[in-house]
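Notes for the structure review
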Amino acid sequence: MDNLELTNEEMNSLCQSILKRYGIDFTCYEPKSLRRRMLRVMSLYNLPNSYALWMKLLQEPDFVKPFLSEVSVGMTSMFRDPELWVALKKRLANEFRHRSTMKVWHAGCSTGEEVYSLGVLLQEMKLQHIATALATDFNDAAVREAQAGVYHKIKTSENAAAYKQVTSYRDFSTYYTEIDSTQVQMHRDLVKHVEFRYHNLITDTFQNGFDVIFCRNVMIYFDVPAKRRLLDKFYEALNPGGLFIIGFYDAVMNIVNDEKLEVVDADVKIFRKRGNGSLSTEARDYLTSSVKEGFFDAGK
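Below is a short write-up of the structure. These numbers were taken from a predicted model, which means no experiment stands behind them.

Overview of the sheet that holds strand S5 (residues 183-186)
Pairing is antiparallel in the open sheet, where three strands are placed in the order S3-S5-S4. With one partner strand each, in any of the chains shown, strand S3 (150-152) and strand S4 (176-178) form the two edges of the open sheet. Mean inter-strand twist for the sheet, computed between neighbouring axes without regard to direction, equals 30°. Summarising the sheet, S4 and S5 pair through three bridges and their orientation is antiparallel.

Observations regarding the pairing of strand S8 (residues 238-246)
S8 sits mainly inside the fold: nine of its nine residues count as buried. Across five bridges, strand S7 (residues 210-215) lies against S8 in parallel orientation. By the bridge assignment, Phe210 is partnered in S8 with Leu238. Taken together, S7, helix H9 (residues 224-237) and S8 constitute a β-α-β crossover, and its handedness is right-handed. Sheet topology note: the S8/strand S10 (residues 270-273) ladder contains three bridges and is antiparallel. Residue pairing for S10: Ile245 is matched across the bridge by Ile270.

Thoughts on the packing of helix H5 (residues 82-96) against helix H8 (residues 156-166)
With their axes 8 Å apart at the nearest point, H5 and H8 run at an angle of 40° to one another. It follows that H5 is oblique to H8 by the angle criterion. When you trace H5 past H8, the crossing you get is right-handed. Together, Pro82, Trp85, Val86 and Lys89 of H5 and Ala162, Gln165 and Val166 of H8 make up the contact between the two elements. Class assignment of the residues belonging to the contact of H5 with H8 gives a composition of five nonpolar, one polar and one charged.

Regarding unusual backbone geometry
The phi torsion at Ser110 lies on the positive side, around 55°, for a residue other than glycine. Relative to the helices and strands, Ser110 is located in the loop between strand S1 (102-107) and helix H6 (113-124). On the accessibility criterion, Ser110 (11% relative accessible area) is buried. Of note in this structure, Lys126 is not a glycine but carries a positive phi near 60°. Position of Lys126 relative to the elements: it lies in the loop between H6 and strand S2 (131-137). According to the relative accessible area criterion, Lys126 is exposed, its value standing at 58%.

Description of the environment of Phe26
Mapped onto the fold, Phe26 is located in the loop between helix H1 (8-22) and helix H2 (31-44). Through-space distance from the C-alpha of Phe26 to that of Gln16 is 8.1 Å; in sequence the pair is 10 residues apart.

Concerning the sheet that holds strand S9 (residues 261-265)
With mixed pairing, the seven strands of this open sheet are ordered in space as S6-S2-S1-S7-S8-S10-S9. One side of each edge strand has no neighbouring strand; the edge strands of this open sheet are strand S6 (194-198) and S9. Across the sheet, the mean angle from the axis of one strand to that of its neighbour is 20°, orientation sign disregarded. Most of the contacts of H9 go to S8, to which it runs at about 135°, and overall it touches S1, S7, S8, S9 and S10.

Quick word on H6
The end-to-end C-alpha distance of H6 is 17 Å, a good match for the 16 Å that 12 residues give at a rise of 1.5 Å each. Burial runs high along H6: 11 of the 12 residues are buried. Phi turns positive, to about 60°, at Lys126, one or two residues after H6.

What about the packing of aromatic side chains?
Applying the stated criterion across every chain yields a total of 16 aromatic pairs. With a centroid separation of 6.1 Å and an interplanar angle of 85°, the aromatic rings of Tyr116 and Tyr151 are classed as edge-to-face. In this pair, Tyr116 sits in helix H6 while Tyr151 sits in strand S3, placing the two residues 35 residues apart along the sequence. Each member of the pair, Tyr116 as well as Tyr151, carries the same accessibility label: buried. Between Phe206 and Phe234, the ring centres sit 5.3 Å apart and the planes meet at 50°, which makes this aromatic pair tilted. With Phe206 in the loop between S6 and S7 and Phe234 in helix H9, the pair connects residues that are 28 residues apart, well separated along the chain. Overall, the relative accessible area of 19% leaves Phe206 in the buried class.

Observations concerning empty space enclosed by the protein
Overall, the coordinates contain two cavities of 30 Å³ or more when judged by the stated rule. As a volume, the second largest cavity reaches approximately 40 Å³. Lining the second largest cavity are Met78, Tyr151, Thr156, Asn159, Phe172, Tyr176, Val184 and Met186. Every element with two or more residues in the lining of the second largest cavity is listed here: H8 and S5. When the residues that make up the lining of the second largest cavity are grouped by side-chain class, the tally is six nonpolar, two polar and no charged.

Definitions and cut-offs
- Residues numbered from 1 in each chain as written.
- Predicted model: local features only at pLDDT ≥ 70, side-chain atom pairs only at ≥ 80, totals over all residues.
- Heavy atoms only, no water.
- Pairing = 2+ DSSP bridges.
- Helix = DSSP H or I, 4+ residues; strand = E, 2+ residues; numbered from the N terminus.
- Axes fitted to C-alpha atoms, helices over the stretch in contact; angles between N-to-C directions.
- Buried < 20%, exposed > 50% of the residue type's maximum accessible area, 1.4 Å probe, protein only.
- Right-handed = clockwise from strand over helix to strand, strands pointing away.
- Parallel < 35°, antiparallel > 145°, perpendicular 65-115°, else oblique.
- Left-handed = near helix turned anticlockwise from the far one by under 90°.
- Contact = heavy atoms within 4.5 Å.
- Nonpolar A, V, L, I, M, F, W, Y, C, P; charged D, E, K, R; others polar.
- Expected span 1.5 Å × (residues − 1).
- Phe/Tyr/Trp six-rings, centres within 6.5 Å; stacked < 30°, edge-to-face > 60°.
- 1 Å grid on protein atoms, 1.4 Å probe; cavity = no way out; pocket = protein on both sides within 12 Å on 5 of 7 lines; lining within 4 Å.
- Points joined across faces, edges and corners; volume = space filled by probe spheres on them.

Shape descriptors only; they carry no functional weight alone.
As structure tokens, then:
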């Protein structure tokens, strides 16, 4: 079906209908990306036009799950962008080695590769015992896959190569078990501190009190007003001094309010929430002493 088309009016009508019928809000998504993904769904299911797509969604409620899986498909891998993980490893060592708690949110966790990557680092750095984490996505199938931690074996060599760029503590194969000739399962103890849950960034409320929030290559799919709203919500969800990590392609650097979020490492897109607020006395004293001892290099 090479001649599929979706006009702006059809896109808007579909988004409003899906929001009203299923409570899933696509109205803030970047139009070109959303159109491309909807056209992909239409092609996969031999649907000739937007009306056929809507009828399928309306008449087959179970179709909403594969529809969401296709529209929100994520591209991720273990230790994606190794330079980020190298920088993050240093920051975690400096900022959390004397802390008693660390609360993390993987917002838009997709199929979980990022969650297991952090689990590996926390284990190796002996920080997992202080960590609690939330891993969320609005794609139910992706959340289930993340929780299961079962991945295609063909990806293990790529994941192992990225791991070696970050740490040489162990052989990466010690972190998974082969299920069969095609699949491996990541060890469950890597995510024993993690709760996996459905969450829609646009429509659902945010928890707060996070020390680290990952939202990598998720906001690329939203328009500028939605990105601004999300940045404000992430700011409120962070503890003062908390780290906010975005993707290399999220294109928000020019709209970040630098009175709220300061760039601490522009190369790998790490921000810190400004303010003194509700940091514990222990954490505030440690942050102050760390600056004096030169742990934090200005501009990094």
